[in-house]
Amino acid sequence: MWISKSRGLQARVVTWLILGSVSLAGLSACLGLVGGRQQEQVQARLVPQAKPAHLSGFQRAEGPRTLSFPADHGPHNDFQTEWWYFTGNLSSADGRHFGYQLTFFRRALLPPALIAQRQSAWGTSQAYMAHFALTDVDDQRYQAFERLARGAAGLAGAQADPFQVWLEDWRVEMLEPGIYRLYAAQAGTLLDITLVDNKGPILQGDHGYSRKGPESGQASFYYSLTRLVSSGTLQHNGSRWAVEGQSWMDHEFSTSVLASDQIGWDWFSIQLDDGSELMVFQIRKADGSIDPFSSGALVAPDGSLQHLSRQDFEIEVLSNWKSPRTQASYPASWRLSVPVVGLDLRIEPYLADQELDVSYAYWEGCVHVQGSRSGQPVQGDGYVELTGYAGSMAGEF
């Protein structure tokens, strides 16, 4: 959802790369499939050995700035952390439903002024991480993969012209303005789809400046592509399908930290069949309350935007699910209401177990939505992200 996601992991990656704590052979092993016992081995390699780089020297999100496209689709290396985040709901002609996530994270190793020029092709100022996950609703099966790489020697990187971000052969690239190709493959699971943007960038918060707390710089620059018409090929479990559906993209960059009493967040992105989209997030505090800097946005069919403050929406948890791996208890269904626009929604996961038990455990999954708007029935699909349930995120960033 926003810039603090996986920052603790990225700090581990930074230390790991700076100190050269693994050989090239170890590096190659770390960049493969993460899952089951292999995942545990990677986590063991990423035990922190020093504190991450201090925030001074990085740019910070301290007020609105003009975002320009396609330039701002690319990397912002003067900020410490950044990600490009794609999720979507896809269906095949025979009615099978799939959800997917492909996320690329960038973490600066040092502030730009402290980076010395190096002649080695392996020298880098950036570390990258990516998550690829697939939900097969009919088979009730969820798979998640993780890769790590330094932003050097062609292993991983991002650029603005033409826009692309990649980690090895996982990649998103702009084919032409408003049209993107997304590709990822691992262990027999493949996703190769084209995304056509119907609405253009939606600037979250104050013209793209999204505050997360009261302190100066406790914010991100944040925009979304909320209606990406998607089509292509999906391969899974020995079968191959032509699929189509809708995707969502978030891009954020910042140098920021969670407040000491902010333990996690719940983020919702919803695409409704009336042509509108809804994004809301709520930041949970240690005392059980919701932080007043929680917010959201409602995008009309014509692309016009209505910002939502914490007072404009309510999220009620209706049930819970306990992970058999991490023992974390996550919300498992919700009622989300936005009284100012007469919106009342019931949100249900397509599959209860969509927990990414990777370097940090969090729940990220496809959901179905039904409800009403001003008394008229409405439905749709979306994605939900839940962090801080398998352990507080406070102090990790």
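As the structure is a computational prediction, the values presented were derived from the model and not from experiment.

What counts, and where the lines are drawn
Residues numbered from 1 in each chain as written. Predicted model: local features only at pLDDT ≥ 70, side-chain atom pairs only at ≥ 80, totals over all residues. Heavy atoms only, no water. Helix = DSSP H or I, 4+ residues; strand = E, 2+ residues; numbered from the N terminus. Polar contact = N/O pair within 3.5 Å; in protein donor to acceptor, adjacent residues only side chain to side chain. Core = buried A, V, L, I, M, F, W, Y, C linked by side-chain atoms within 4.5 Å. Buried < 20%, exposed > 50% of the residue type's maximum accessible area, 1.4 Å probe, protein only. Contact = heavy atoms within 4.5 Å. Phe/Tyr/Trp six-rings, centres within 6.5 Å; stacked < 30°, edge-to-face > 60°. Lys NZ or Arg CZ within 6 Å of the ring centre and 35° of its normal. Salt bridge = Lys/Arg side-chain N within 4 Å of Asp/Glu carboxyl O. Pairing = 2+ DSSP bridges. pLDDT = per-residue confidence, 0-100.

Student: Sorry, what's going on with the side chain of glutamate 146 here?
Tutor: Topologically, glutamate 146 is positioned in strand E4 (residues 141-150). Here histidine 131 takes part through its side chain, which lies 2.7 Å from a polar atom of the side chain of glutamate 146. A distance of 2.8 Å separates a polar atom in the side chain of glutamate 146 from a polar atom in the side chain of serine 359.

Student: What's the story with the nonpolar core in this structure? I'm lost.
Tutor: Formed by 42 residues in total, the largest nonpolar core has its most connected members in Phe86, Tyr100, Phe104, Val172 and Leu182. When neighbours within four sequence positions are excluded, phenylalanine 86 is seen to be in contact with Tyr100, Gln101, Leu102, Val172, Leu182, Leu195, Leu228, Trp248 and Met249. Among the nonpolar cores identified, the runner-up in size contains 27 residues, and Leu278, Phe313, Trp334 and Val369 belong to it.

Student: Looking at this structure, how should I read the packing of aromatic side chains?
Tutor: Within a pair of aromatic rings, the relevant descriptors are the distance that separates the centres and the angle that separates the planes. Counted by the stated rule, this structure contains 13 aromatic pairs. Centre to centre, the rings of phenylalanine 163 and tyrosine 180 are 6.3 Å apart; their planes meet at 80 degrees, and the pair counts as edge-to-face. Here phenylalanine 163, found in strand E6 (residues 163-167), pairs with tyrosine 180, found in strand E8 (residues 179-186); they are 17 residues apart in sequence, far enough to count as distant. What makes phenylalanine 163 buried here is its relative accessible area of 1%. Given a relative accessible area of 3%, tyrosine 180 falls into the buried group. Consider the rings of phenylalanine 221 and phenylalanine 253, whose centres lie 5.4 Å apart with planes at 35 degrees: the pair is tilted. Taken together, the residues phenylalanine 221 in strand E12 (residues 219-236) and phenylalanine 253 in strand E13 (residues 239-254) connect sequence positions 32 residues apart. Taking relative accessible area as the criterion, phenylalanine 221 reaches 3% and is therefore assigned buried. Under the relative-accessibility criterion, phenylalanine 253 is labelled buried at 0%. A connected cluster of aromatic rings, assembled from ring pairs, spans Phe79, Tyr209, Phe221 and Phe253. Residue placement shows arginine 65 over the ring face of phenylalanine 221; its charged tip is 5.2 Å from the ring centre. Cation over ring: arginine 284 sits above tyrosine 389, and NZ or CZ is 3.7 Å from the ring centre.

Student: Looking at this structure, how should I read unusual backbone geometry?
Tutor: Residue proline 70 is reached from phenylalanine 69 by a cis peptide bond, and omega for that bond is 15 degrees. Relative to the helices and strands, proline 70 is located in the loop between helix H3 (36-45) and strand E1 (81-92). Between aspartate 161 and the following residue, proline 162, the backbone shows a cis peptide bond with an omega angle of -10 degrees. Following the sequence through the fold, proline 162 ends up in the loop between strand E5 (156-160) and E6. If you check the backbone angles, glutamine 140 has positive phi at about 55 degrees while not being a glycine. Checked against the element boundaries, glutamine 140 lands in the loop between strand E3 (126-136) and E4. The phi dihedral of glutamine 327 is positive, around 65 degrees, even though this residue is not glycine. Looking at the element boundaries, glutamine 327 is found in the loop between strand E18 (314-322) and strand E19 (329-338). With relative accessibility at 46%, the residue glutamine 327 sits in the partly exposed group.

Student: Please explain the side chain of aspartate 312 as it appears in this structure.
Tutor: Structurally, aspartate 312 can be placed in the loop between strand E17 (305-308) and E18. Within the structure, aspartate 312 has its side chain in polar contact with the backbone nitrogen of serine 309 (distance 2.8 Å). With residues up to four places along the chain from it excluded, the contact list for aspartate 312 reads His307, Ser337, Val338, Pro339 and Val340.

Student: Is there a simple way to explain the pattern of salt bridges in this structure?
Tutor: Pairing is possible between side chains of opposite charge, provided their charged atoms come close. Inspection of every chain in the model, using the stated rule, returns 17 salt bridges. As a salt-bridge pair, arginine 181 and glutamate 173 come within 3.9 Å of each other at their nearest N and O atoms. With a relative accessible area of 29%, arginine 181 lands in the partly exposed category. Linking arginine 346 and glutamate 348 is a salt bridge whose minimum nitrogen-to-oxygen distance equals 2.7 Å.

Student: Please explain the environment of tryptophan 170 as it appears in this structure.
Tutor: Following the sequence through the fold, tryptophan 170 ends up in strand E7 (residues 170-176). The sequence separation of tryptophan 170 and leucine 102 amounts to 68 residues, and the corresponding C-alpha distance is 8.6 Å. A polar atom in the side chain of tryptophan 170 sits 3.1 Å from the backbone oxygen of alanine 185.

Student: Is there a simple way to think about the pairing of E17 in this case?
Tutor: Looking along a regular strand, one sees the side chains alternate between the two faces of the sheet. Relative to E17, strand E16 (residues 295-299) runs antiparallel, the two being bridged by four bridges. Along E17, the bridge assignment pairs alanine 297 with histidine 307. What sits between the antiparallel neighbours E16 and E17 is a turn of five residues, in which glycine 303 has the positive phi angle 90 degrees.

Student: I keep staring at the confidence of the model for the protein and nothing clicks. Help me out?
Tutor: Interpretation of this model should avoid reading the predicted coordinates in detail wherever pLDDT is low. Of all residues in the protein, 83% attain a pLDDT of 70 or more, and the chain-wide mean is 85. Low pLDDT (under 50) marks residues 2-53, which in the prediction has 114 contacts with non-local residues, meaning those over four places away or in another chain.

Student: Got a minute to help me understand the environment of serine 239 in this structure?
Tutor: Topologically, serine 239 is positioned in strand E13. Spatially, the C-alpha atom of serine 239 lies 9.5 Å from that of glycine 188, the residues being 51 residues apart in sequence.

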